[in-house]
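A look at the structure
Each chain, written out:
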Amino acid sequence: MSKKINKTDIVALVDDLLSDAITCGASDVHFEPTNEGLTIKFRLDGTLKTIEILPSIVKDNVIARLKVLGGLLTYRNDLPQEGRIKGHETSHTQGKVTDKRLAVFPTIHGQRAVVRIFYENAGLTELKQLGFSDYIFSAVSEISDQNQGVLLLTGPAGSGKSTTLAALLRNILRNHPGKSIIALEDPVERNIHGVTQIEISAHSEMTFPIALRSLLRQDPQVLMVGEIRDAETASIAIEAGLTGHLLMSTMHSGTPAGAILRLLEMGIEPYQVTSSVSAVMNQRLVRKLCPKCKKEDKASGIFEAVGCDNCFNTGFNGRVLICEMVQLDGQLRKAILEKADMETLQNILNNRGHMNLAQDARRLITEGITTPNEVQAVIGDF
Ligand SMILES: [Zn+2]
């Protein structure tokens, strides 16, 4: 960029950056001020990638342009501000852009801005496309056909749990048209046609337990509860699963055994856990190798990330799940009833040849879908 900057250049520059971000399906665009200039990063498939570093001379103008687009106060540089950006409706495979939210924050190097981009079809993946192994796919399909029981999903934030839940709900709708399905979420992340969706917000009087208890009188057949965070919600959810409802929810836990113990810690009786919980799934997301540039190491047969125009030089394109699933069998039920500890539960799983996250990940490495480094970045040494 030349030393002389004019307004049209800046307008075009910001437009181009946002359009590029949408074309490649970025979920966020970061404008990060540093000593050298303004670093532009795109979040692609969950990972931040530096796209370019703009010279310091345009730093303020670029942020000012964003603030104009977002309807913010351009003369206030000392306050965090938030707004929405209209326009730039470039289409993407994830569908058209439904919203773009701008957040600006003052730092010692100048103002930092992030534009978060929302796509119409993001997270509306079909169950078949999530990347489950054949075994887990058929087991989870079978559970979602049932008329009662509790299916729990675990994994840290950003591990695709709500995408899996949405795919399960859509699968149920397709296989059982007319089933009464109610979803309680905080917040509702995506609209699912055919599902009654209810938003729980942190500060409202309608909490998860209050809403859930009352909804059970609305004759639902399938219930989705965004997250089980407290003992009261856990207790109503388990009760629902025992009384003719299929209930699906998520819990914060690193392992399936951890989720089961967590329910017990929340005061759920062991016999309630063993008679209601159908399965616990623990999942993570790993990036998929870009099919256009991935390279096979002839000696090992393992594929490596390279980078090309198709994948913005990241070597990756899209994400896929790795998953482990625990269904309760006689031995596990007995151990839970005897209030076994984590180690005992884990030993039972290991002894019965349980396929854990690392083993599921190896399947994807062997198939050339992801790399050992990517898996290690997500689940640690394996
Ligand atoms: Zn590529």
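Residue numbering note: each chain is counted from 1, following its sequence as written. Residues qualify for local features only when their pLDDT is at least 70, as the model is predicted, and side-chain atom pairs are given and counted only at 80 or more; totals for whole chains, interfaces and linings, by contrast, use all residues. Side-chain metrics rest on all non-hydrogen atoms present in the structure, leaving aside hydrogens and water.

**Considerations on the nonpolar core**
Proteins that are soluble and globular tend to have nonpolar side chains buried together. If you look at the biggest cluster of nonpolar residues, it comprises 39 residues, and the most contacted ones within it are L184, L263 and L345. Other than its neighbours up to four places away in sequence, L184 contacts I198, I200, F208, A211, L212, L215, M224, V225 and G226. In these notes, a set of buried Ala, Val, Leu, Ile, Met, Phe, Trp, Tyr and Cys residues joined through side-chain atoms within 4.5 Å is what counts as a nonpolar core. Think of it in three bands: residues with accessible area under 20% of the maximum for their type are buried, residues over 50% are exposed, and the middle band is partly exposed, with areas taken using a 1.4 Å probe on protein chains only. Core analysis: the next-biggest nonpolar cluster, separate from the first, contains 29 residues, L153, L165, A166 and L168 among them. In this description, contact between two residues means that some pair of their heavy atoms is separated by no more than 4.5 Å.

**Some words on the pairing of strand β6 (residues 110-119)**
Pairing of strand β1 (residues 28-33) with β6, which is carried by four bridges, proceeds in the antiparallel orientation. Within β6, the residue paired with F31 across the bridge is A113. In this description, strands pair whenever DSSP reports at least two bridges between them. Secondary structure follows DSSP: runs of H or I at least 4 residues long count as helices, runs of E at least 2 residues long count as strands, and numbering of each begins at the N terminus. Inspection of the sheet shows strand β5 (residues 97-107) paired to β6 by 10 bridges, in the antiparallel sense. Residue pairing across strands places L102 opposite V115, the latter belonging to β6. The antiparallel pairing of β5 with β6 creates a hairpin that spans two residues between the two strands.

**Some details on helix α5 (residues 208-215)**
Buried within α5 we find F208, P209, A211, L212 and L215. Down the axis of α5, the buried set is contained in an arc of 165°. They therefore lie on one face. On the buried face of α5, the contacting elements are β8 (181-185), β9 (196-199), β10 (222-225) and α6 (231-242). Taken from the helix axis, the directions to the C-beta atoms give the arc we talk about.

**Notes on the confidence of the model for the chain**
What pLDDT reports is the predictor's confidence in each residue, on a scale of 0 through 100. Here the chain averages 92 in pLDDT, while 97% of its residues score no lower than 70. Per-element confidence in the chain is highest for strand β7 (residues 149-154), whose mean pLDDT is 98, and lowest for helix α1 (residues 7-23), whose mean pLDDT is 91.

**Describing the environment of V68**
Along the chain, V68 turns up in helix α2 (residues 59-69). Relative accessible area serves as the criterion here: at 49%, V68 is assigned to the partly exposed category. The sequence separation of V68 and I53 amounts to 15 residues, and the corresponding C-alpha distance is 22 Å.

**Notes on the sheet that holds β6**
Taken in spatial order, the six strands line up as β3-β2-β1-β6-β5-β4 in an open sheet, and their pairing is antiparallel. What marks the edges here is a single partner per strand, and that holds for β3 (47-55) and β4 (81-84). When strand polarity is set aside, the average angle formed by the axes of neighbouring strands in this sheet is 15°. Between the N-to-C directions of two axes lies an angle of 0 to 180 degrees, each axis being a line fitted to C-alpha atoms and, for a helix, fitted only over the stretch in contact. With respect to the sheet, α1 is in contact with β1, β2 (37-44), β3, β5 and β6, its orientation differing from that of β6 by roughly 40°. Across the sheet, α2 is in contact with β1, β2, β3, β4, β5 and β6; its angle to β6 comes to roughly 45°.

**Regarding the domain arrangement of the chain**
For every domain, the bounds stem from an assignment made automatically or drawn from a database. When its domains are assigned, the chain resolves into domain 1 (7-119) and domain 2 (127-379). With nine residues of domain 1 in contact, the opposing surface of domain 2 contributes eight residues. Salt bridges are counted wherever a side-chain nitrogen of Lys or Arg sits within 4 Å of a carboxyl oxygen of Asp or Glu. For the interface between domain 1 and domain 2, the tally reads zero salt bridges. Any pair of nitrogen or oxygen atoms within 3.5 Å is treated as a polar contact; in protein, a donor-acceptor pairing is required on top of that, and neighbouring residues in sequence qualify only through side-chain atoms on both sides. For the pair domain 1 and domain 2, the interface holds four residue pairs in polar contact (both at pLDDT 80 or more). Secondary-structure elements contributing two or more residues to the side of domain 1 that touches domain 2 are β2 and β3.

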